[in-house]
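Breakdown of the fold
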Amino acid sequence: MAVYNPKSLKAEEFINDEEIRATLAYAEENKNNVELIDQILEKARPVKNGNGCTCRGLTHREASVLLACEIPEKIQKMYEIAEEIKLAFYGNRIVLFAPLYLSNYCVNGCVYCPYHMKNKHIARKKLTQEEVRAEVIALQDMGHKRLAIEAGEDPVNNPIEYILDCIHTIYSVHHKNGDIRRVNVNIAATTVENYRKLKEAGIGTYILFQETYHKKSYLELHPTGPKHDYDYHTEAMDRAMEGGIDDVGLGVLFGLELYKYEFAGLIMHAEHLEAVHGVGPHTISVPRVKRADDIDPDMFDNGIDDETFIKIAACIRLAVPYTGMIVSTRESEDVRRRMLRVGISQVSGASRTSVGGYTEEERPHDTEQFDVSDQRTLDEVVHWLMQTGHIPSFCTACYREGRTGDRFMSLCKNGQILNCCHPNALMTLAEYLEDYASPETKETGYKMIEEELKRIPKDKVREIAEKNIQDIRSSNRRDFRF
Ligand code: SF4
Ligand code: SF4
């Protein structure tokens, strides 16, 4: 039987079933242990350290106790601390991005995804480079600067060369004042050699959702195709890092298995990356199973309600305070608003989850991967974020300044990154307001910028940011960054 070892490179040892079961039993036993819960909450709290803050995070066992706890006032405390951490490390900024679906050809049999090979209802489509260009122009015309590209797994239709061509095309398009400055990639688990090629193509984060950490369920949910190989899939992030990719993004598809099991597995995966590579995940995504062609979420009996979902997000925030957290347009405006308060740092906006969706007037359903709950335009999302007290940020500075992997994490851990994020958010927001916003959003945005500039503590940084924003307003000069 496999023995738990976070430093092992074998899936069954770092995501160890026996350890997860022991964790869940420990969490259940202690879910009313107020003394222990208070200690864990205290450990999670950010502490002042010079000009910034530090956080110790939580182990998978500690975080699982909090997730199991059902005492209302302790849950309230979790939310408060999650918000404290969020404000300490991310302030009131929210980074925006959009997914770009390249191809829905797929040889896998994932039972929760309409792109699975046996689905004959769905139209199969793969973008040509001309179509990629058109989609990118449409995305730039909305104001997007950061994309996550998505493609099914199909060695014939979507080989790595196709993905690399698409990345090259995306970076080459500069329409009006627009450009895409960071391409994150969400494609199937692959080889070290292919990860190296992605790195050379200049990708930002490599994202791969585990879907479920429960091996038996994983094998049933992925009955056919290369994705059936649980170990190969689970060990993908180690290969990505071996291939030179510094930033990796984890995620679970909540609803497939029991959420407490998934949660423990997810935190163990983060601990494993930290133990082996010295740097944890750059982001964690929290998607839930959604309705789509051929897919009814009620088929999966582990669906979670909104309250539980928000509690999971808060517990992730407490356990891995330095990791960005992403929520997509799978979730409604209401859920997204609540998630923002407990630690989400990135949201997608105006997403089309179909291949070629951005160049079509009407939201197309025939090739969608899942139904989008939040169907607002990017301008509406930007305006809404500001109304809820958040600065919408289109910043991509770190990756372009070489602040990735452990370099990024060390700046993040000693609080220095804040000196970049805040002015960068304001400058990229000014670009958005100048080039793409509606008059109403523009007015609200510039008021916010004026107020937020006053909050930049260092005089020199404030002066530079003010000058750059004036330049953005009075000329076509763009892409200022700290
Ligand atoms: S989840 Fe990914 S691998 Fe599975 S069927 Fe859908 S596109 Fe293919
Ligand atoms: S400065 Fe870096 S961490 Fe901050 S928002 Fe920009 S890219 Fe993200």
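Residues numbered from 1 in each chain as written. Chains lettered and ligands numbered in written order. Predicted model: local features only at pLDDT ≥ 70, side-chain atom pairs only at ≥ 80, totals over all residues.

**Re the site of ligand 2**
Around ligand 2 lies a shell formed by Val95, Ser393, Cys395, Thr396, Ala397, Cys398, Ile417, Cys420, Cys421 and Asn424. Every element with two or more residues in the shell around ligand 2 is listed here: α16 (397-400) and α18 (418-435). With 3 residues, α18 is the single largest residue contributor to the shell around ligand 2. Partitioning the shell around ligand 2 into residue classes produces 7 nonpolar, 3 polar and no charged. (Near = placed C-beta within 6 Å. Helix = DSSP H or I, 4+ residues; strand = E, 2+ residues; numbered from the N terminus. Nonpolar A, V, L, I, M, F, W, Y, C, P; charged D, E, K, R; others polar.)

**Description of the site of ligand 1**
Residues in contact with ligand 1, as listed here, are Cys106, Asn108, Cys110, Cys113, Tyr115, His116, Gly152, Glu153, Ala188 and Lys227. Residues that form the shell around ligand 1 fall into these classes: 5 nonpolar, 3 polar and 2 charged.

**Some thoughts on the packing of helix α3 (residues 34-44) against helix α4 (residues 60-68)**
What describes two packed helices is the angle between their axes and the distance between those same axes. It is at 10 Å that the axes of α3 and α4 come closest, and there the two elements cross at 120 degrees. Of the possible angle classes, the one that applies to α3 and α4 is oblique. For the pair α3 and α4, the sense of crossing is left-handed. For the pair α3 and α4, the contacting residues are Leu36, Ile37, Ile40 and Lys43 in the first and Glu62, Val65 and Leu66 in the second. (Axes fitted to C-alpha atoms, helices over the stretch in contact; angles between N-to-C directions. Parallel < 35°, antiparallel > 145°, perpendicular 65-115°, else oblique. Left-handed = near helix turned anticlockwise from the far one by under 90°. Contact = placed C-beta atoms within 7 Å.)

**Regarding helix α12 (residues 259-277)**
Spanning 19 residues, α12 covers 27 Å between terminal C-alpha atoms, matching the ideal 27 Å at 1.5 Å per step. Trailing α12 by a residue or two, Gly278 shows a phi angle of about 75 degrees, which is positive. (Expected span 1.5 Å × (residues − 1).)

**Overview of the pairing of strand β7 (residues 248-251)**
The alternating pattern of β7 places Val248 and Leu250 and Gly249 and Gly251 on opposite faces, both of which are buried. The pairing of strand β6 (residues 206-207) with β7 spans 2 bridges and is parallel. Bridging from a neighbouring strand, Ile207 pairs with Gly249 of β7. The parallel pair β7 and strand β8 (residues 283-285), bridged by α12, forms a crossover whose chirality is right-handed. (Buried ≥ 20, exposed ≤ 12 C-beta atoms within 10 Å, placed from the backbone. Pairing = 2+ DSSP bridges. Right-handed = clockwise from strand over helix to strand, strands pointing away.)

**Some details on the domain arrangement of the chain**
You can read the domains of the chain as domain 1 (14-87), domain 2 (89-375) and domain 3 (412-474). The straight-line distance from the C-alpha centre of domain 2 to that of domain 3 is 29 Å. Contact with domain 2, which involves 8 residues of that partner, is made by 10 residues of domain 3. For the side of domain 2 that touches domain 3, a count of residues per class yields 3 nonpolar, 3 polar and 2 charged. (Domains from an automatic or database assignment.)

**Observations concerning the nonpolar core**
Counting 145 residues, the largest nonpolar core has Leu66, Leu147, Tyr206, Ile312, Ala313, Cys315 and Leu318 as its most contacted members. Among residues more than four places away in sequence, those in contact with Ile312 are Leu67, Phe254, Tyr259, Phe263 and Val286. (Core = buried A, V, L, I, M, F, W, Y, C linked by C-beta atoms within 7 Å.)

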